[in-house]
There are 2 protein chains.
Amino acid sequence: MTEAAIQQIRRFNRLVTRRVGALDQSYLSRGRPLGEARLLFEIGQGGADVRELRAALDLDSGYLSRLLRALTAQGLIAVEKGRDDARVRRVALTALGRAEVAAYDRLSDALARSFLEPLAPPERERLLAAMAEIERLLSAGAVAVACEPADSADATWCLERYFAELARRFDEGFDPAKGAAAGVEAMNPPHGWFFLARLDGRPVGCGGLARLGAEAGEVKRVWTAPDARGLGVARRLVAAIEAQAREAGLSTLKLDTNRALKEAQSLYRKLGYVETARYNDNPYADHWFEKRLSRPARG
Amino acid sequence: MTEAAIQQIRRFNRLVTRRVGALDQSYLSRGRPLGEARLLFEIGQGGADVRELRAALDLDSGYLSRLLRALTAQGLIAVEKGRDDARVRRVALTALGRAEVAAYDRLSDALARSFLEPLAPPERERLLAAMAEIERLLSAGAVAVACEPADSADATWCLERYFAELARRFDEGFDPAKGAAAGVEAMNPPHGWFFLARLDGRPVGCGGLARLGAEAGEVKRVWTAPDARGLGVARRLVAAIEAQAREAGLSTLKLDTNRALKEAQSLYRKLGYVETARYNDNPYADHWFEKRLSRPARG
DNA sequence: GTCATTCTCTGACTTTAGTCAGGTAACGAG
DNA sequence: CTCGTTACCTGACTAAAGTCAGAGAATGAC
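Residues numbered from 1 in each chain as written. Chains lettered and ligands numbered in written order. Predicted model: local features only at pLDDT ≥ 70, side-chain atom pairs only at ≥ 80, totals over all residues. Heavy atoms only, no water.

## Re the protein's contact with DNA strand C
Around DNA strand C, the structure places 20 residues, and the nearest of them are Ala86(A), Arg51(B), Arg54(B), Arg66(B) and Arg89(B). Within 4 Å of the protein, the contacting atoms of DNA strand C are 66% sugar and phosphate, with bases supplying the remainder. At 2.4 Å from a phosphate oxygen of DNA strand C is found a side-chain nitrogen or oxygen belonging to Arg51(B). At 3.1 Å from a base oxygen of DNA strand C is found a side-chain nitrogen or oxygen belonging to Arg87(B). Looking at the surface near DNA strand C, the elements with two or more residues in it are helix H2 (34-43) and helix H4 (61-73) of chain A together with helix H3 (50-57) and helix H4 (61-73) of chain B. Of the residues forming the surface near DNA strand C, the biggest block, five residues, is contributed by H4(B). By residue class, the composition of the surface near DNA strand C is six nonpolar, four polar and 10 charged. (Near = heavy atom within 4 Å. Polar contact = N/O pair within 3.5 Å; in protein donor to acceptor, adjacent residues only side chain to side chain. Helix = DSSP H or I, 4+ residues; strand = E, 2+ residues; numbered from the N terminus. Nonpolar A, V, L, I, M, F, W, Y, C, P; charged D, E, K, R; others polar.)

## Focus: the interface of chain B and chain A
Taken together, the 50 residues of chain B in the interface contact 49 residues of chain A. Note on chain B versus chain A: buried area summed over both sides is about 5,000 Å², and carbon and sulfur give 66% of it. On inspection of chain B and its partner chain A, the count reaches 13 salt bridges. Its salt-bridge partner being Arg18(B), residue Asp200(A) comes within 3.2 Å of it at the nearest N-O pair. In terms of residue count, the dominant contributor to the side of chain B that touches chain A is helix H6 (residues 121-142) of chain B (18 residues). In terms of residue class, the side of chain B that touches chain A is made up of 26 nonpolar, seven polar and 17 charged. (Contact = heavy atoms within 4.5 Å. Buried area = accessible area lost by both parts, 1.4 Å probe. Salt bridge = Lys/Arg side-chain N within 4 Å of Asp/Glu carboxyl O.)

## Here we look at the protein's contact with DNA strand D
Around DNA strand D sit 21 residues, and of these Arg51(A), Arg54(A), Arg66(A), Arg89(A) and Tyr63(B) come closest. Between a phosphate oxygen of DNA strand D and a side-chain N or O atom of Ser65(A), the distance comes to 3.2 Å. The contact in question runs from a phosphate oxygen of DNA strand D to an N or O atom on the side chain of Arg69(A), over 2.9 Å. In terms of residue class, the surface near DNA strand D is built from six nonpolar, four polar and 11 charged.

## Topic: the relation of the copies chain B and chain A
At an RMSD of 0.4 Å, chain B and chain A line up after a rotation of 179° and a shift of 0.1 Å along the axis. The relationship between the two copies is best expressed as a two-fold rotation axis. No C-alpha of chain B lies nearer the rotation axis than that of Ala130(B), which sits 2.3 Å from it. (Least-squares fit on C-alpha atoms with pLDDT ≥ 70 in both.)

## As for the environment of Lys270(B)
Residues and elements named next belong to chain B. Among the secondary structure elements, Lys 270 is positioned in helix H9 (residues 262-270). Residue classification places Lys 270 among the exposed positions, given a relative accessible area of 66%. A sequence separation of 217 residues divides Lys 270 from Leu 53, and the C-alpha atoms of the two residues are 42 Å apart. (Buried < 20%, exposed > 50% of the residue type's maximum accessible area, 1.4 Å probe, protein only.)

## Quick word on the sheet that holds strand E8 (residues 252-257) of chain A
Residue and element names in this part refer to chain A. Ordered in space as E4-E5-E6-E7-E8-E10-E9, the seven strands form an open sheet in which the pairing is mixed. Among the strands making up the open sheet, the edge pair consists of strand E4 (143-147) and strand E9 (274-276). For this sheet, the mean angle separating the axes of adjacent strands, direction not counted, is 30°. One ladder, built from five bridges, connects E4 with strand E5 (residues 192-199); its direction is antiparallel. Bridge assignment links Val 145 to a residue of E5, and that residue is Ala 197. The strands touched by helix H6 (residues 121-142) are E4 and E5; relative to E4, the strand with the most contacts, the crossing angle is about 25°. (Pairing = 2+ DSSP bridges. Axes fitted to C-alpha atoms, helices over the stretch in contact; angles between N-to-C directions.)

## Remarks on the side chain of Arg10(A)
Looking at where Arg10(A) falls in the secondary structure, it is placed in helix H1 (residues 3-28). Reaching out from Arg10(A), the side chain makes a polar contact with the side chain of Asp109(B) at a distance of 2.9 Å. For Arg10(A), the contacting residues outside a window of four places in its chain are Phe41(B), Asp105(B), Ser108(B), Asp109(B) and Ala112(B).

## Observations concerning helix H8 (residues 233-247) of chain B
Taking 1.5 Å as the rise per residue, H8(B) with 15 residues should run 21 Å; its terminal C-alpha atoms sit 21 Å apart, in good agreement. All of the buried residues along H8(B) are Val233(B), Ala234(B), Leu237(B), Val238(B), Ala240(B), Ile241(B), Glu242(B), Gln244(B) and Ala245(B). (Expected span 1.5 Å × (residues − 1).)

## Notes on helix H9 (residues 262-270) of chain A
All names here are of chain A. Among the residues of H9, Ala 264, Gln 265, Leu 267 and Tyr 268 are the ones counted as buried. Along the long axis of H9, the arc covered by the buried residues comes to 160°, so they all point the same way. Across from the buried face of H9, at angles greater than 90 degrees, the exposed residues are Lys 262 and Lys 270. Of the surrounding secondary structure, the elements contacted by the buried residues of H9 are strand E7 (216-224), helix H8 (233-247), E8 and strand E10 (287-292). Following H9 by one or two positions, Gly 272 has its phi on the positive side, about 100°. (Arc of directions from axis to C-beta.)

## Here we look at the domain arrangement of chain A
Entries for chain A in the domain assignment read domain 1 (3-118) and domain 2 (143-292). Each of domain 1 of chain A and domain 2 of chain A has a C-alpha centre, and these two points are 38 Å apart. (Domains from an automatic or database assignment.)

## A closer look at the pattern of salt bridges
Applying the stated criterion across every chain yields a total of 49 salt bridges over all chains. Between Glu165(A) and Arg169(A) there is a salt bridge, with its nearest N and O atoms 3.0 Å apart. With Glu165(A) and Arg169(A) both in helix H7 (residues 153-169) and four residues apart, this pair spans about one turn of that helix. With relative accessibility at 27%, the residue Arg169(A) sits in the partly exposed group. As a salt-bridge pair, Asp49(B) and Arg90(B) come within 2.6 Å of each other at their nearest N and O atoms.

## Comments concerning the packing of aromatic side chains
This structure, assessed with the given rule, holds 20 aromatic pairs over all chains. Arranged with centres 6.0 Å apart and planes meeting at 35°, the rings of Tyr27(B) and Phe41(B) form a pair that is tilted. Within this pair, whereas Tyr27(B) is found in helix H1 (residues 3-28), its partner Phe41(B) is found in helix H2 (residues 34-43), the two being separated by 14 residues in sequence. Summarising the aromatic geometry, the rings of Trp157(B) and Trp223(B) are spaced 6.2 Å apart at their centres and angled 65° between planes, so their arrangement reads as edge-to-face. With Trp157(B) in helix H7 (residues 153-169) and Trp223(B) in strand E7 (residues 216-224), this residue pair connects regions lying 66 residues apart in the sequence. Members of the aromatic cluster, joined through ring pairs, are Tyr162(A), Phe163(A), Phe170(A), Phe174(A) and Tyr284(A). Here Arg30(A) stacks its cationic end above the ring of Tyr104(A), 5.9 Å away from the centre of that ring. (Phe/Tyr/Trp six-rings, centres within 6.5 Å; stacked < 30°, edge-to-face > 60°. Lys NZ or Arg CZ within 6 Å of the ring centre and 35° of its normal.)

Below is the structure:
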C-alpha cells in the first residue's frame, strides 16, 4: 500500500466531499435545518416507525421526538400509534410532506444532473461506470464477517433465502427437511460454527462449519444475497470458516454441492478445494470437494 | 440523461458521503470541535492569511476571529500582522500545531488505508483507477468558462504561464514582444474577447479571440494549465470562442501554431479546423488553420 | 491630508445540535 | 394481575455553529 495510493484516496475524498457536500447546502435552500430535512427524507414516501428512524439516523430519542414535533407543526407529517404495538409510533407524510420530499428529491436530482451535464456522452458513460465500480469496491471493503448463532433472526433470514434459492435453481427442487438436513444445531457450538456477513449491519451472506469427526469438518450453507454478489462475500465467508476450522484443530474440510451451482463450484476450485469421491448421502449433492488445511500459524 | 443514470449517481453520493463522512467522526476523536479541526487543517504547514481562510472555509469574519483565538489559546497557532499589508493578518502553526495537524493527517491516512486494506491487490488497482477517473471527470464538469478582460490579474497569470511554456517548448525559444505581439488590447472589446476557464475559482486555462476584419477572427493564446490537462478545458475554450465569433457575425476563424505544439494541432483538427496557407508573418508560426463557422442558430 | 474602502476584531445575539435524567403508557412473561 | 422491559415523551440543560452591527486600524486613490 504505497504512499501514492493513500494520497490518491485522500484527494478523491476531498474532492468528493466538496462536490457531493454541496447537496447539504442546497437542502438548506428550502429554509429548514439540515436535521429536519434529513429526517423528512428518511421518513420517505412509505412512512416509517419512530424506532427505525432513531436507529437509521442514530438520534437521541428526546431529540428525535422534538424534530418530529417540529415537522408535525409544519404540517408535513402525522405521527400515530402503531397498529401491532401501540408503543411503537408510526410516522407518515401528509400530502404537504410528500410535496416537500419531492422537492428535496428534485434537489438531489439536480445535483446528479450537474455532474453529467457538462460531459460529452462517452465521458458520461465512463463516469457512471467508475461510480458503479467504486460503489462495488467500497461496499466490498465494508463487509464484515462475524460468528453468531445459526438460529439468530438474521441467520434464519439468510437460511430461508438460501433454501428458497435452492428450490428455484435445483432441477429437482429443494426440501430443507430432506436435504443435508443436519439442522441448525450442527452449526452451533460445540458441534460447529455459523458466520454472517454484514454490510452496514444488514446481513448479506452466511456460511456454516460443522464437525464431521475429530479431524474433518464440513462447509455448509454458504450463500450470498443477490444484491451483494461480486463483492467477494463468499470468499471471505469461506476464509472465516477455514480460520475457525484451523483454530478448532481440524485438518480437512469437505463440502458437497449441486450441479446447478456452477459459480459455487468454480469458487471452491479457486480457493483450493479439489473434487473428490462422494462422502455422504445428500440426495441433492452431485459434486464433493475436499481441502487439506495447513496447520494454524502459531503466535 | 436517463433516470437510471441519475439514480446511479444518487446512490454513489449517498454511499460516498456515508463512507467518507466517517472522517468527520474520527476528527472529533481528538476532542476538538469540527470547526476548529477544519480550520487547523486548512491553515496547513505553510500557514495562511486570515483572508484566505475566510474565503476558503466561507466563514463569517467574527466567527473565524473567535476560532483563531481559540486555537491560539490552545497554543496551536500564532497570528501576526502581515508584512505587505498590516491589515491582513497572517496565521502560522506553532510546533505544537504542526504536531496536531500531523495527527489529523494520520487520521485521514487511516481512513484511506481502511478503504484499501480489505481488498485484494487487483481490486485495489481498480479502486484507485476508478477514483482517478471520477476525480478527472468531476473536475472536468466543474470547469467554468467565462469572458473577462484580457488584462485581469488571472488573465495575466495565465498569459505569463503560457509564454513561459512556449519559451520552454519552442526550439527557437519565445519572446512575447516579438511573436504574435498583438497585445492584450486586441483581445478586449471592441476588437476581441478573452475567456478564462476556472476550476473552483482557480484559473486553469485561457483563450482569446481577435478580429482580423469584418468577416474573420483569430483564435489566440489558447492554453491549459498543466495540472488541468485532459479535462477538455481547451475544447471548451475553443467552443466559447466560436460561439462568441458567431455572435459577433464572423464567418471564419483562423489560427496559427508552432510545430512543437503537436497536441494543439491535433485538437484543432479534431474540432474541424483545416490546415491552410500562411496568412500572417508570425515568426513562430509553422502551421496555419482555418474553420468556416456555421451561421448562429437564431432564437 | 482627506476620505472611502478593506480587513479584522468585539460584543451581543440566535439557531441548531445534542445530551441526560426522569416519567408515562403499552407490552409480554409469569 | 404484577412486574420488568420497551418505546416514547418532556423538561432542563450544554456546546457548537452561525449572524449581525459597530468599532478601529491600515491602506490607497485623490
